[in-house]
Amino acid sequence: VQLQASGGGLVQAGGSLRLSCAASGRTFSNYVMGWFRQAPGKEREFVAAITWSAGRTYYADSVKGRFTISRDNAKNTVSLQMNSLKPEDTAVYYCAARGPTNSAYYYSDYVNPRWYGYWGQGTQVTVSS
C-alpha cells in the first residue's frame, strides 16, 4: 500500500490542523493505520492509531483529548484532527499502515513504529508560541 500524507503547516499555539493520509494499492479497510511524529534530534514517537474496522482508537498520553484519529474506508483515507496545538507538537508527522489484517493486537504493538510495514513521506507541522 502507498501512503501520501498532507495537511501540515504553520499554526499558532491553540490552533488546529487536520492531517490526511491517502492510501492506494491495496484493500485499505484491512489495514491498521497509525500516525507518528518525529521532532529534530528525537526518535519517532507514536501519536495515534485506529484499528482496521475503526472500532478502536489509541492515543499517546501527550495528545489524548486534543487529537482525534478517524478513517473513511470508502475514500481510503485516515485523518488526524489536531486541536489545542502546542509548540511541543512541532514535528514531521508520518502516517503508517500494517496489514492486511483483521486481528486484534496489544497496545504495545500499535505504539511501536517497527510494527508497521508501510510509511508515508511525512508532513511538517510547526506550532508557534
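Residues numbered from 1 in each chain as written. Predicted model: local features only at pLDDT ≥ 70, side-chain atom pairs only at ≥ 80, totals over all residues. Heavy atoms only, no water.

**Q** So what's going on with the packing of aromatic side chains? Which residues, and what values?
**A** With the rule as written, the count across this model stands at 13 aromatic pairs. With a centroid separation of 4.4 Å and 20° between ring planes, the pair formed by Tyr58 and Tyr110 is classed as stacked. Here Tyr58 is found in strand S6 (residues 57-59), whereas its partner Tyr110 is found in helix H1 (residues 107-110), with 52 residues between them in sequence. On the basis of relative accessibility, which here comes to 12%, the residue Tyr58 falls in the buried class. (Phe/Tyr/Trp six-rings, centres within 6.5 Å; stacked < 30°, edge-to-face > 60°. Helix = DSSP H or I, 4+ residues; strand = E, 2+ residues; numbered from the N terminus. Buried < 20%, exposed > 50% of the residue type's maximum accessible area, 1.4 Å probe, protein only.)

**Q** Give me the lowdown on the pairing of strand S1 (residues 2-6), citing residues and values where you can.
**A** On S1, burial follows the alternation: Leu3 and Ala5 on one face are buried, whereas Gln2, Gln4 and Ser6 on the facing-out side are not. Of the strand pairs in this sheet, S1 and strand S3 (residues 17-24) are connected by 5 bridges, and their pairing is antiparallel. Counterpart to Ser6 in the pairing with S3 is Ser20. (Pairing = 2+ DSSP bridges.)

**Q** So what's going on with the sheet that holds strand S8 (residues 77-82)? Residues and values would help.
**A** Sheet architecture is open: 4 strands sit in the order S1-S3-S8-S7, paired in antiparallel fashion. Only two strands of the sheet have a single neighbouring strand rather than two, namely S1 and strand S7 (67-72). In this sheet, adjacent strand axes meet at a mean angle of 15° when their direction is disregarded. (Axes fitted to C-alpha atoms, helices over the stretch in contact; angles between N-to-C directions.)

**Q** Tell me what's going on with the pattern of salt bridges, and back it up with residues and numbers.
**A** Taken as a whole and judged by the stated rule, the model has 4 salt bridges. Ionic pairing is found between Lys64 and Asp61, a salt bridge with its closest N-O pair at 3.2 Å. The same class applies to Lys64 and to Asp61, which are both exposed. Among the charged side chains, a network of salt bridges with common partners joins Arg37, Glu45, Arg66 and Asp89. (Salt bridge = Lys/Arg side-chain N within 4 Å of Asp/Glu carboxyl O.)

**Q** Describe in detail the side chain of Arg71, supporting the description with residues and values.
**A** Relative to the helices and strands, Arg71 resides in strand S7. Put simply, Arg71 is tucked away with no salt bridge, and the nearest opposite charge, on Asp72, sits 8.3 Å away. Among the polar contacts listed, one links the side chain of Arg71 to the backbone oxygen of Tyr31, at a separation of 2.7 Å. (Lys, Arg positive; Asp, Glu negative; His and termini not counted. Polar contact = N/O pair within 3.5 Å; in protein donor to acceptor, adjacent residues only side chain to side chain.)

**Q** Outline the pairing of S7, listing residues and values.
**A** The side-chain alternation of S7 yields one buried face, formed by Phe67, Ile69 and Arg71, and one unburied face, formed by Thr68, Ser70 and Asp72. The sheet contact formed by S7 and S8 spans 6 bridges and is antiparallel. Residue Ser70 lies in a different strand from S8, and its bridge partner there is Ser79. Hairpin connection of S7 to S8: 4 residues between the antiparallel strands, including Asn76 at a positive phi of 55°.

In short, the description is geometric, and any link to function would need to be established separately.
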